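One-letter residues, chain by chain:
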Amino acid sequence: MKSQNERKRTFLLIAVPILLLFFCFNTLPLLRGFMYSFTNFRGYGKFDWVGWRNYADLFTDTRVGNSYWFTFKLALVATILINILSLIMALALNAKIRFKSFLRGMYFIPNILGALVVGYIFSYIFTYILPAITHAASMLADKNWAWIAIVIVCAWQSIAMNTLIYISGLQTVPEDVYEAASLDGATGWNRFRYITFPLIMPFFTINMVLCMKNNLMVFDQIMALTKGGPAQSTESISFLIYNNGMSGGQFGFQSANAVIFFIVIVIISVLQLRFLNKREEQL
Amino acid sequence: MRRILTFSLLIVIFSASFAWAAPIEIELVQYKQEALKIFEQLADKFNATHDNIKLKASSPSEAITILKTRFIREKYPDIIGIGGDVEFSNFLDAELLADVSSYKGLSKIKPAYINIIEGLEFVPTPGTYGVPYMANAAGILYNRDMFNEHGWKIPESWPEFIKLCEDIKAAGIRPLYFGYKDTWTTLAPWNALAVDLAPADICQQVNMGKATFTQAYREIAEKTYALLQYGEEGPFAYGYNDACTAFARGESAMFTIGSYAVPQILSVNPNMNIDSFVMPGSDDPNGQTLNSGVDLMFCVMENSPNKEAAYEVLDFLLEPENIQIYIDAQNAVPCSEGEFKLAPMLDGMRKYITAGKMADYQDHHYPSEMSVSAIIQTFLINGNVDEFLAKFDRDWIRYNRDIITKVQNYNASH
Amino acid sequence: MENITVKEKFNWPVTILLLLGLFTVLFPLYMTVVIAFKQPSEMTNDVIGLLSFPASWSFDNFREAMRVTDFWRSLFNSFLITAVTMVISIAIHSLMGYAVSRNMTNSRFYRFSYYYIVSGMFVPFAILMMPLVKQTAQLHIDNVFGVIVLYVVFYMPMNVLLYAGYLKNIPIALEEAAHVDGASTWTTYWKIIFPLMWPMHATVAVLTALGTWNDVMTPLVIMSGSGMNTLPLAQLTFQTQFGTNYNLAFASYLLALLPMLIFYLVAQKQIINGVINGAVK
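Residues numbered from 1 in each chain as written. Chains lettered and ligands numbered in written order. Predicted model: local features only at pLDDT ≥ 70, side-chain atom pairs only at ≥ 80, totals over all residues.

A few points about the overall build of chain B
Across its full length, chain B carries 19 helices and 10 strands. Overall, chain B is about 80 × 55 × 35 Å in size when its C-alpha atoms are taken along their principal axes. Burial analysis of chain B (414 residues in total) assigns 50% to the buried set. Of the contacts made within chain B by residues no fewer than 6 positions apart, 80% connect residues no fewer than 24 positions apart. (Helix = DSSP H or I, 4+ residues; strand = E, 2+ residues; numbered from the N terminus. Buried ≥ 20, exposed ≤ 12 C-beta atoms within 10 Å, placed from the backbone. Contact = placed C-beta atoms within 7 Å.)

Right under this line is the structure:
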């Protein structure tokens, strides 16, 4: 009983200061941002209170509506693609392969390259190299295809990170489990389906949530590749919030957009977490 | 912070009461990062000749973002160097800038440029809030050697321009390059045509409810669209950088862009012989106007405690010798009266510059969050003029609501 | 695991597939390297022209890029910020992950804390930026220290998520045994749990370091004017409003990439070795 209390006290002593720190530099500014969403604040200088006007505008703004559609379409496709590919990559890089360190290192490079480089290189590939091979017009100039180009670049850049997380997940699978499994004759797909995957399920959850979040907040790739074009077909929500709120004079309105966006992603992620956590328990 | 300020102020006052006065520090933050070296050079020169004032000049990357964050922190510089665009209108509207009408150096500035910055005020505000320093000019850059070789003449009117484009095309050369993937590039021909075809104060007129863009912008929209056939195929695939490279490599005879693009073009082809001419948007040869705006102006901050010292710095910067240093390095157009040696790529525009026959970029009045460049890009892809103009009017009201209210209140009370 | 590897054969089909797939990385990397060695006057708009070798393999661009960015000093600043952020993050976030994951099933407070922190990940930075600028200025931490504090808070959601997930696979029985021996929770954590999490520490280190290493926005808005430059801030010099020197920029980006790559490879070793150490204990 005494040790139970000691344990509780220690946990509280850890959690409370950290929560306070987090509150001060995340929640507090968020609350201020929430306050600004009821103003026509430009980000500096004086401002007026405008009540619910920004929120009313938000739901009638077709540009915001389109950005939601684009962002969710992109995030869904990219998340699935990235997770499948990085799981395969992780299994491959974790297998008994030659040049392991070299291969792991090389496949990590896309994640380190800066946005300027990635933007330039991929613009070049889409504008000059691919059309030369396929004899079709550039994907980036076609409003029906530009989003696919962005999915490709997002995947190219972020597979490394998700692979890394899967690899560290695979380290928690004890070797004797595999040995036992191979004694039972489980190999290949079955071994993955019934043994490996359930064991790394918590990492699948983490990757789904992180990946979904990164893709929903896509910004760098858009700035680097299309700047929202062609014909405003690739304006993501973060792109609008940053460009119109920070660089433009719409800070108040975009704060309202950010608040709604935040609520939407939290709901999605919590649902995702709950669903996946339940699955973890079942497995 | 306040304590430190008071403290340093005390030191200043204390030391000023003695003969060995510590110099007043004037901080200048300007946004043209490419002019970093010139400002370092000018600051050194200033400090070598002035004992009473120490000039600290900086030209950071992302200067506008940095300035905004400094305003939030209330750590104001004394002088800011910004462009004559909507950012200036916003800073002015936020009451951050000081009235410099008492500054004597203003008399040396060309009235056309003072008018341009006065035109940027949301509502007419008594006083002058900036000292225009440098201007840039936009229109059409052309490959002078290529023109000489084929004997092409600079067009004076829209029909002549179209004829020229046809001639160039007939010679097997691409007349124009656009680079419309970066949406902002669509504004280059747009602005250059607008000075010829729309009233300079059209945005104010719309704000007052006296005009609509549907009427004022139709011809501009149609002519911008008409140019597409003379440019590269699929212009929405290529960006500004591609266009600069292509023009530098002789892939087109002309490039619809401003003088600001010249350094980037020359970096690819240092020996290129570039000249420019005014976009002949009007059908009447006498109806052309140069598209020129204030590229760099100095504003004294309202909170600066040392306005007189700031004026002294401005006096120094406006000395003809120092203006010439800037022009030589940046191919800029000075806003001051007087004889200056202009860069050769401005030859074709010189007579408009000397005559002061110019008007500001329309987009300096557009709020950036409205993303007019993206709307124009959409129109150029779809080609539907009516839809575009209707959207322009609709969005304008949506994005300028507070300013329109302000203008109308002002008109009601004046 | 490693000693088993030695005895077994390499999986050649997978190795070959991975080597083939490497094309997707090597091709863009090749372009980056070639551009970094070229002069602006060698830039063209056609495929052959771009993929061709530079006129000379001179390191002038690299030298010039290092001079313009004040490389060693900027590198030191970036290194300092990244290293301190990383160490603090590993210490604090793993503790929080531990507290949360061990109590989540039976305490509503910790379950709430978990969702509260994790949801902080979804706040768009743009909305926080202006308020944070004001707040750090008021607290007089609009400097390196403030930037580090902000990073520690920014990466908390992701790292707590990672640690809490990892701890699910570490059986609680280990701690209970230590408790029976009379060790306090605090000691148990540092003696038993913390060392067991090496693979996750290495992962967190890589992800946190990468995020801070490449970040421009936070130092730009928080410590602008303090006269201190990080590498990404210094690299902004290559992009001006109407012109970008891609050749110098690419050279500079390649230089900035190397330390991270080396760090990643070292951390990768930790991810593997960590398991062995943990298993031995």
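A word on the overall build of chain C
On a plain count of helices and strands, chain C comes out with 16 helices and two strands. Projecting the C-alpha coordinates of chain C onto the three principal axes gives extents of approximately 75 × 60 × 30 Å. The buried share of chain C, taken over its 281 residues, is 49%. Counting contacts in chain C only where the partners sit at least 6 residues apart, residues at least 24 apart contribute 79% of the total.

Observations regarding the interface of chain A and chain B
If you look at the interface, chain A gives 23 residues, while chain B gives 23 residues. When residues of the side of chain A that touches chain B are traced back to their parent elements, those giving at least two are helix H5 (115-134) and helix H11 (237-247) of chain A. Each residue belonging to the side of chain A that touches chain B can be placed in one class, and the counts come to six nonpolar, 14 polar and three charged. (Nonpolar A, V, L, I, M, F, W, Y, C, P; charged D, E, K, R; others polar.)

Thoughts on the pairing of strand S4 (residues 131-138) of chain B
All names here are of chain B. Summarising burial for S4: eight of the eight residues are buried, a large majority. Two elements, S4 and strand S8 (residues 290-300), share seven bridges in a ladder whose sense is antiparallel. When the bridges of S8 are listed, Ala137 appears paired with Ser292. Pairing of S4 with strand S9 (residues 333-334) involves two bridges; the strand directions are antiparallel. Looking at the pairing, Met134 lines up with Pro334 of S9. (Pairing = 2+ DSSP bridges.)

Some details on the domain arrangement of chain B
Interface size, as often reported, equals the accessible area lost upon joining of the parts. Residue and element names in this part refer to chain B. Each assigned domain of chain B is listed here: domain 1 (16-135 + 293-346) and domain 2 (138-291 + 363-413). Tallying the contact residues gives 11 residues for domain 1 and 16 residues for domain 2. Classifying every residue of the side of domain 1 that touches domain 2 by side-chain character gives six nonpolar, four polar and one charged. (Domains from an automatic or database assignment.)

With respect to unusual backbone geometry
A cis amide bond, omega -10°, links A:Gly229 with the succeeding residue A:Pro230. Here A:Pro230 shows up in the loop between helix H10 (220-225) and H11. The backbone of A:Lys227 sits at a positive phi, close to 55°, despite the residue not being glycine. Tracing the backbone shows A:Lys227 in the loop between H10 and H11. Despite not being glycine, B:Glu62 shows a phi value in the positive range, around 55°.

Quick word on the interface of chain C and chain A
Each partner contributes residues to the interface: chain C has 78 residues there, and chain A has 76 residues. Among the elements that make up the side of chain C that touches chain A, the one with the highest residue count is helix H16 (residues 246-280) of chain C (13 residues). Looking at the side of chain C that touches chain A residue by residue, the classes come out as 55 nonpolar, 20 polar and three charged.

A closer look at the pairing of strand S3 (residues 79-82) of chain B
All names here are of chain B. Here S3 shows two buried faces, one formed by Ile79 and Gly81 and the other by Ile80 and Ile82. Examined bridge by bridge, strand S1 (residues 24-30) and S3 share three bridges and lie parallel to one another. Bridging across to S3, Gln30 finds its partner in Gly81. Pairing between S3 and S8: four bridges, direction antiparallel. The residue bridging Ile79 from the neighbouring strand is Val300, located in S8.

What to know about the packing of helix H6 (residues 71-103) of chain C against helix H10 (residues 156-168) of chain C
Residue and element names in this part refer to chain C. Relative to each other, H6 and H10 sit at 55°, their axes nearing to 8 Å. Classified by the angle their axes make, H6 and H10 are oblique. Here the hand of the crossing between H6 and H10 comes out right-handed. For the pair formed by H6 and H10, the contact residues are Ser89, His93, Ser94, Met96, Gly97, Tyr98, Val100 and Ser101 on the first element and Met156, Asn159, Val160, Tyr163, Ala164, Leu167 and Lys168 on the second. The residue makeup of the contact of H6 with H10, split by class, is eight nonpolar, six polar and one charged. (Axes fitted to C-alpha atoms, helices over the stretch in contact; angles between N-to-C directions. Parallel < 35°, antiparallel > 145°, perpendicular 65-115°, else oblique. Left-handed = near helix turned anticlockwise from the far one by under 90°.)

Quick word on the nonpolar core
A:Ile150 and B:Val313 are the most contacted members of the largest nonpolar core, which has 297 residues in total. Sort the elements by how many residues they give to this core and helix H6 (residues 146-170) of chain A lands first, with 17 residues. A domain-level breakdown of this core finds at least three residues from each of domain 1 (16-135 + 293-346) and domain 2 (138-291 + 363-413) of chain B. Apart from residues lying up to four places away in sequence, B:Val313 is in contact with B:Ile26, B:Leu28, B:Phe46, B:Ile53, B:Leu55 and B:Ile79. (Core = buried A, V, L, I, M, F, W, Y, C linked by C-beta atoms within 7 Å.)

A few points about helix H3 (residues 23-37) of chain C
Its 15 residues give H3(C) an end-to-end C-alpha distance of 21 Å, which sits within 8% of 21 Å, the value for a rise of 1.5 Å per residue. What H3(C) keeps buried is the set C:Pro28, C:Met31, C:Thr32, C:Ile35, C:Ala36 and C:Phe37. (Expected span 1.5 Å × (residues − 1).)

A few points about the confidence of the model for chain C
Residue and element names in this part refer to chain C. Residues at a pLDDT of 70 or more form 93% of chain C, whose mean pLDDT is 87. In this model, residues 1-6 is a region of pLDDT below 50 whose contacts with residues beyond four sequence positions or in other chains number five contacts. Note on residues 276-281: pLDDT is under 50 here. Beyond four places in sequence and across chains, it has seven contacts. Reported confidence for the predicted complex is 0.87 by ipTM and 0.89 by pTM. (pLDDT = per-residue confidence, 0-100.)

Topic: the sheet that holds strand S7 (residues 274-277) of chain B
Residue and element names in this part refer to chain B. The strand order across the open sheet built from three strands is S6-S5-S7, with neighbouring strands paired in antiparallel fashion. Lying at the two open borders of the sheet, with one neighbouring strand each, are strand S6 (254-255) and S7. Relative to S6, strand S5 (residues 140-143) runs antiparallel, the two sharing two bridges. Counted as the bridge partner of Tyr142 is Met254 from S6.

So, the environment of C:Arg108
Among the secondary structure elements, C:Arg108 is positioned in helix H7 (residues 108-119). Counting along the chain gives 64 residues from C:Arg108 to C:Ile172, while the straight-line C-alpha distance between them is 19 Å.

Side note on the packing of H6(C) against helix H9 (residues 144-154) of chain C
Residues and elements named next belong to chain C. H9 packs onto H6 with a crossing angle of 40° between their chain directions and a minimal axis gap of 9 Å. On the basis of their axis angle, the class for H6 and H9 is oblique. Crossing angle aside, the handedness with which H6 passes H9 is right-handed. The residues of H9 that touch H6, namely those facing Ile81, Val84, Thr85, Ile88, Ser89 and Ile92, are Val144, Val147, Ile148, Tyr151 and Val152. Partitioning the contact of H6 with H9 into residue classes produces nine nonpolar, two polar and no charged.

What about the environment of C:Thr208?
By the secondary structure assignment, C:Thr208 is in helix H13 (residues 198-214). Those residues in contact with C:Thr208, other than ones at most four positions away along the chain, are C:Thr85, C:Met86, C:Ser89, C:Tyr155 and C:Asn159.

Remarks on the environment of C:Asn61
All names here are of chain C. Summarising the element assignment, Asn61 is placed in helix H5 (residues 60-68). Considering only alpha carbons, one finds Asn61 and Ile222, 161 residues apart in sequence, at a separation of 30 Å. Every residue in contact with Asn61, bar those within four places of it in the chain, is listed here: Ala36, Phe37, Asn247, Leu248 and Ala251.

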